[in-house]
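Breakdown of the fold
Each chain is listed here by its residues.
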Amino acid sequence: GMLFFIGLFSLAYALFSYFAGAKMALAVNRAKEITKKDEPRLWRIVENLSITEGMPMPKVYVMDDPALNAFATGRNHEKAAVCATTGLLKAMNDSELEGVMAHELGHIKNYDMRVNTIAFALVGIVSMIADFFWRISLFGGNGRREGNQLMYALAIVAVILAPLAATMLQLAISRRREYLADATGALTTRYPEALASALQKISAGGSSLRRQNTATAHLFFANPLRKGNLAGLFSTHPPIEDRVKRLRQMIDHA
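Predicted model only: the values in this text are computed from it and were never measured.

Broken down by element type, the protein carries 8 helices and 4 strands. Going from N to C terminus, the protein has its helices and strands arranged as α-β-α-β-β-β-α-α-α-α-α-α. On the principal axes, the C-alpha backbone points of the protein span a range of 75 × 35 × 35 Å. Of all 254 residues assigned to the protein, the portion counted as buried reaches 46%. Sequence separation of 24 or more characterises 68% of the internal contacts of the protein that already satisfy a separation of 6 or more. Summed over all atoms, the accessible surface of the protein reaches about 13100 Å², with 63% contributed by carbon and sulfur.

The next thing to look at is the pairing of strand β3 (residues 70–73). Burial of the side chains of β3 extends over both faces: Ala-70 and Ala-72 are buried on one face and Phe-71 and Thr-73 on the other. Alignment of β3 against strand β4 (residues 81–85), held across 4 bridges, turns out to be antiparallel. By the bridge assignment for β4, Ala-70 is matched with Ala-84.

As a further point, take the side chain of Thr-216. Structurally, Thr-216 can be placed in the loop between α7 (192–205) and α8 (240–253). Engagement of the side chain of Thr-216 in a polar contact is seen with the side chain of Asn-29, the distance being 3.3 Å.

This next bit is on the environment of Leu-164. Topologically, Leu-164 is positioned in helix α6 (residues 146–189). The spacing of Leu-164 and Leu-26 is 138 residues in sequence and 28 Å in space, taken between C-alpha atoms.

Turning our eyes to something else, we now look at helix α4 (residues 94–109). Here α4 is 16 residues long and its end C-alpha atoms lie 22 Å apart, about the 22 Å a rise of 1.5 Å per residue gives. Burial within α4 is extensive, with 12 of its 16 residues counted as buried. Of the residues making up α4, those classed as buried are Glu-96, Leu-97, Gly-99, Val-100, Met-101, Ala-102, His-103, Glu-104, Leu-105, Gly-106, His-107 and Ile-108. Backbone nitrogen of Ser-95 and a side-chain oxygen of the N-cap are separated by 3.1 Å at the start of α4; the cap is Asn-93. Directly beyond the C-terminal end of α4, a positive phi value near 55° is found at Tyr-111.

On to the packing of aromatic side chains. For the coordinates displayed, the defined rule picks out 5 aromatic pairs. Between Phe-4 and Phe-5 the ring centres are 5.9 Å apart and the planes differ by 80°, which places this aromatic pair in the edge-to-face class. With relative accessibility at 54%, the residue Phe-5 sits in the exposed group. Ring geometry for Tyr-13 and Phe-120: centres 4.9 Å apart, planes at 50°, overall tilted.

Let us now look at the nonpolar core. Proteins that are soluble and globular tend to have nonpolar side chains buried together. By size, the foremost hydrophobic cluster in this structure holds 35 residues, and its most contacted members are Leu-42, Val-82, Leu-88, Met-101, Ile-202 and Phe-221. Secondary structure elements with two or more residues in this core: α2 (40–53), β2 (59–63), β3, β4, α3 (86–91), α4, α7 and α8. The element best represented in this core is α4, accounting for 6 residues. Setting aside residues no more than four positions away along its own chain, Leu-42 makes contact with Ile-34, Val-60, Tyr-61, Val-62, Ala-84, Leu-89, Leu-97 and Met-101. In this structure, Ala-25, Tyr-61, Ala-67 and Phe-220 belong to the second largest nonpolar core, which totals 13 residues.

Definitions and cut-offs
- Residues numbered from 1 in each chain as written.
- Predicted model: local features only at pLDDT ≥ 70, side-chain atom pairs only at ≥ 80, totals over all residues.
- Heavy atoms only, no water.
- Helix = DSSP H or I, 4+ residues; strand = E, 2+ residues; numbered from the N terminus.
- Buried < 20%, exposed > 50% of the residue type's maximum accessible area, 1.4 Å probe, protein only.
- Contact = heavy atoms within 4.5 Å.
- Areas by Shrake-Rupley, 256 points an atom, 1.4 Å probe, with all protein chains shown as cover.
- Pairing = 2+ DSSP bridges.
- Polar contact = N/O pair within 3.5 Å; in protein donor to acceptor, adjacent residues only side chain to side chain.
- Expected span 1.5 Å × (residues − 1).
- Phe/Tyr/Trp six-rings, centres within 6.5 Å; stacked < 30°, edge-to-face > 60°.
- Core = buried A, V, L, I, M, F, W, Y, C linked by side-chain atoms within 4.5 Å.

Below, the structure is given as structure tokens:
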């Protein structure tokens, strides 16, 4: 069945992204690795944050794109990478850039690549189970009895809704982890306002990349895709104004 293959693909993709995802994400988005002398400002910020967090220094990349964005990837603290766009480096002052990078390191610290991979694998497993039920209801019995027809109707509903529900759950998890990385980053820098103002600049300046790639969209600091109409429900990121509001609440409670 079609669903079985969708499920298989999701599982394979989850495994692949777990082991080779970092390299892929960087390659797909044409990120170039930098050294301290290429971009001393970005390098030093990441280095200081790594020391503060007691984490190994990740590899640092820059992506040539006017959009204001960044991403982190890597399945553990040792194999991590952070990336900023040239647009972000231009638009942010030092504390704002630090705020964004602290958010990215927050993703690494919280093992978010792992969480996202598991969420993605979940979609695959659910699709495969739905496919299995579909087969049973399709070929089980002769369809004469009412029970069978009910079973058949339920199977159709389950097969359509289950993978959709799993996908929605995966996206919801992705959105939760964005809030979490904001909080983690703000606690590291002890300056939530920097991240809040960075987010507002990004909102005004735009975060959608020239090269649109849905497969890696969830990795980015702000949604890199152009807005769709089902944006809220199917978005990998919470709305920027909500993120700013939560950061400002952290300031008020501090």
